[in-house]
Amino acid sequence: IPLMRCVMNDSNIIIRNLNAVGQNIVKFREQMGWTREDLVVKLQLLRCNITHQILADIEKQCCVVTDVQIAFFSEVFRIPIEGLFSPKSGSRNGTE
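Since we're looking at a predicted model, the values are computed, not measured.

1. A closer look at helix H1 (residues 22-31)
Of the positions making up H1, those classed as buried are Gly22, Asn24, Ile25, Val26, Phe28 and Arg29. Of the surrounding secondary structure, the elements contacted by the buried residues of H1 are helix H2 (36-45), helix H3 (52-59) and helix H4 (67-77).

Right under this line is the structure:
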């Protein structure tokens, strides 16, 4: 399944915030002392089809994340799926 990469709109502005978990993936990866390459290898060993570039785009919030990928991140970090989402990830601008 092709994922959306960082894209530019007509004004050449990079569109981000395409996922709600990217920042937490960075946080958990760094807490474990893993590089992006370390995490990619661990995910691939679990049979997750991910590359360094896809992981970088997820962390930069430049692509969507599939439910399957979220399940793999949960497994590799040994946290519940809900832990990948920040407390306010379901609200918009903190108003909901």
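2. Topic: the confidence of the model for the chain
Scored by pLDDT, the chain comes out at a mean of 84, with 75% of its residues at no less than 70. Confidence over residues 89-96 falls short of pLDDT 50; this stretch has 3 contacts with residues more than four positions distant or in other chains.

3. Considering the packing of aromatic side chains
One pass over the structure, following the stated rule, counts 3 aromatic pairs. Taking 5.7 Å as the distance between ring centres and 40° as the angle between the ring planes, the aromatic pair formed by phenylalanine 28 and phenylalanine 77 counts as tilted. Of this pair, phenylalanine 28 sits in helix H1 while phenylalanine 77 sits in helix H4, placing them 49 residues apart in sequence. Take phenylalanine 77: its relative accessible area is 6%, and that puts it in the buried class. Site record: aromatic cluster; members linked through ring pairs are Phe28, Trp34, Phe73 and Phe77.

4. Some words on H2
Within H2, burial applies to Leu39, Val40 and Leu43. Looking straight down H2, one finds its buried side chains confined to an arc of 100°; they lie on one side. Contacts from the buried residues of H2 go to H1, H3 and H4. In the segment just after H2, arginine 47 is the residue with positive phi, at about 80°.

About the criteria used
Residues numbered from 1 in each chain as written. Predicted model: local features only at pLDDT ≥ 70, side-chain atom pairs only at ≥ 80, totals over all residues. Heavy atoms only, no water. Buried < 20%, exposed > 50% of the residue type's maximum accessible area, 1.4 Å probe, protein only. Helix = DSSP H or I, 4+ residues; strand = E, 2+ residues; numbered from the N terminus. Contact = heavy atoms within 4.5 Å. pLDDT = per-residue confidence, 0-100. Phe/Tyr/Trp six-rings, centres within 6.5 Å; stacked < 30°, edge-to-face > 60°. Arc of directions from axis to C-beta.

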